[in-house]
Structures are given as structure tokens and as C-alpha cells.
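Inside the fold
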Amino acid sequence: MRLLLALFLAGCAGLAQAASLSIDTGHGTATLSTQQLLTRPDLRTIDVPTDVSYQKAMRYKAVPLKALLAGVPADAHLQFTALDGFAAEIPAALVLDGHGAEAWLAVEDAAWPALGDGKPSAGPFYLVWLHPEAGKVGPEQWPYQIASIRVLADPALRFPLMRPAPGLAKDSPVMRGFEVFQKNCITCHTLNGQGDAKLGPDLNIPHSPTEYLREGMLRVLVRNPQDLRHWPQAKMPGFSAQVISDADLANLEAYLKHMAGRKATP
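Values in this document were obtained by computation on a predicted structure and should not be read as measured data. Numbering of residues starts from 1 in every chain and runs along the sequence as written. In view of the model being predicted, local features appear only for residues whose pLDDT reaches at least 70, and side-chain atom pairs are presented and counted only at 80 or more, with totals across whole chains, interfaces and linings using the full set of residues. Side-chain numbers here rest on the full set of heavy atoms in the structure, without hydrogens or water.

A few words on the sheet that holds strand 9 (residues 146–152). Strands are treated as partners if at least two bridges between them are detected by DSSP. Here a strand is any run of E in DSSP of at least two residues, a helix any run of H or I of at least four, and the numbering for each starts at the N terminus. Across the sheet, 5 strands lie side by side as 2-1-9-5-6; this open sheet has mixed pairing. Each edge of the sheet is formed by a strand with only one pairing partner; in this case those strands are strand 2 (29–33) and strand 6 (87–91). Going across the sheet, the axis of each strand differs from the next one's by a mean of 15°, ignoring polarity. Here strand 5 (residues 77–82) pairs with strand 9 via 6 bridges, running antiparallel. For helices, the fitted line uses only the C-alpha atoms of the stretch in contact; every axis is such a line through C-alpha atoms, and the angle between N-to-C directions lies from 0 to 180 degrees.

Among the 5 residues that make up strand 6, 4 are buried, leaving the element largely enclosed by the rest of the structure. Bridge count for strand 5 against strand 6 is 5 bridges, and the pairing is antiparallel. Bridged to Leu78 within strand 6 is Ile90. What sits between strand 5 and strand 6 in their antiparallel hairpin is a turn of 4 residues, with Gly85 showing a positive phi close to 100°. Only protein chains enter the accessibility calculation, which uses a 1.4 Å probe; a residue whose area is less than 20% of its type maximum is buried, one above 50% is exposed, and one in between is partly exposed.

This paragraph deals with the pattern of salt bridges. Each reported salt bridge corresponds to a side-chain nitrogen of Lys or Arg within 4 Å of a carboxyl oxygen of Asp or Glu. Under the defined criterion, the tally for this structure stands at 11 salt bridges. Measuring nitrogen to oxygen at the nearest pair gives 3.9 Å for the salt bridge that ties Lys257 to Glu253. Within this pair, Lys257 and its partner Glu253 are both found in helix 9 (residues 246–260), separated by 4 residues, close to a single helical turn.

Take the sheet that holds strand 7 (residues 102–107) next. Sheets are built from strands paired through backbone hydrogen bonds, the pairs being either parallel or antiparallel. Read across the sheet, 4 strands follow the order 3-4-7-8 without closing on themselves; strand pairing throughout is antiparallel. At either end of the open sheet lies a strand with only one pairing partner, and these are strand 3 (44–48) and strand 8 (125–130). The mean inter-strand angle of the sheet, taken between neighbouring strand axes irrespective of direction, is 50°. Judged from the 6 bridges that link them, strand 7 and strand 8 form a sheet pairing that is antiparallel. For Glu102, the partnering residue across the bridge sits in strand 8 and is Leu130.

Peptide bonds are mostly trans, and most non-glycine residues show a negative phi. Geometrically, the link from Gly123 to Pro124 is a cis peptide bond, its omega value of 15° lying close to zero. Relative to the helices and strands, Pro124 resides in the loop between strand 7 and strand 8. Put simply, Ile205 and Pro206 share a cis peptide bond, and its omega is 0°. Here Pro206 lies in the loop between helix 5 (173–184) and helix 6 (209–212). A positive phi angle is found at Lys136, which is not glycine, with a value near 55°. Mapped onto the fold, Lys136 is located in the loop between strand 8 and strand 9. What makes Lys136 exposed here is its relative accessible area of 68%. Despite not being glycine, Asn192 has its phi angle at roughly 55°, a positive value. Take Asn192: its relative accessible area is 0%, and that puts it in the buried class.

Remember that the coordinates give geometry; whether it matters functionally is a separate question.
Structural data, given as C-alpha cells:
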């Protein structure tokens, strides 16, 4: 019996180390296995005081992410795609020089706690941050269950049907709202049928939420979706004022209202 248990545990450990991560920096794709990452000389054990996904202090074996992005310029754009279709969009500058915020790729070498929703853990690869407040890192910029990292053009270039009308001032509420959308919403939602995320509904086709929610209800939805519609299977998280300020939320609403008049079929 003990022999069977030992063989089972060894098999589980082998499965944990069988994962691989695809990294495309624009100069070809590299595939790194769990074991390759765990044997790197720059691997460290780090303590994350307040982990976004686990909501508690966590300890990880991790590699500094910028060490895996050699040759990537600071003005590049990174897309982190998860196993479930979540697609986080993060400026490379935040990873390469987060003004004190440090990006680390945590590598699961043993069983991490379960996340719920049928997800056994945040592994096999998880982007975690030390001192995230220094770089104003938001919770949507902690992607977990990462399958690939790619250097791509930023969403405004890749998805022209998301862009507001030309000629608007960069600091206008609509343009600022577009920035809020790209940072916090594009990870789960498409707009006008464009985007890489596969988790949430499109936010303009067939209707923008600003068209069917009465005044003030978009704020309720963003702050705590369960306050708008109680649904145990809902996956959308709430966004506190520390993550999306009241001003940013007003700008996001301005963007969505603007785009409701710019519906398009991709």
C-alpha cells in the first residue's frame, strides 16, 4: 500500500512538472518547461504579502519576469493568455521598469491551494508582483494559469473597431475611459466583436450595458456584480475604488456610451 501511495505521489509531482510555457518575444517562440524554470540560476523564493488571487500571504519559487524577456523594448506590449482564455494586456515598460514594482513568474513545483470554480490552483505559471502599488498594478494584471506570453501591438492598434472616433483629445473622458477599458475590461470582454478574451460577453454587440442599465447601475455592476444580479456561477469580480476610481469609472461609462453609437460588425 505504501509503495502504491509513493508511486501515486511521484506521478502527481511528475505531472506538476510537465507543464510548459510559450514565450514569443517577436524573434521566434521559445518553450520553457517547469523543470527548466525551476533550475534557472535566477530562481528565488519570494514572499507575496497580499496575493491578489489567494487573498492572503503566499510564498513562491519564482523567476524575475524581465529575465525571460531579453530584447523586448520598453515600448512593446505583452499579452498573457491563460488556459481558460483570460487574456491580460500589460505594457512591457511595467515589467521592465515598474518604478519599484517587481514582476515575477511564479512556477508551481508542488500543489498550491485551490482557487475554486473548478480551478485546482493558480499554476502552473502565475504572474505575481512585489510592491505592486509602486507601479499602480491592478488585479487584472496578475494573470494565473498562464499558457503563453506574446509581444504584440497594443489593443488600440490590433483592434481598430474598439477605438473611439478620431479627433478626440487624449485627455477627454472618452479616451481616458478607453484606457480604463484596456487595463481592466479587455481581459475578459470583447467590444464590437474584437478582442482575444473568451470569458465575458461583448460590451457593445448587440447592446452596450449603457443601453440597458438605468443611470447608476453600471457603477453597481462594476463595484459588485452580485449587487446587481445574484448569480452563484458569476465569474466577474468587483472592482473597488482603489482599483478603478470613481473618476475612472465615470470615464469608462463615457467610453461605453460613446461606443454605443459606433457599433460595428468585424
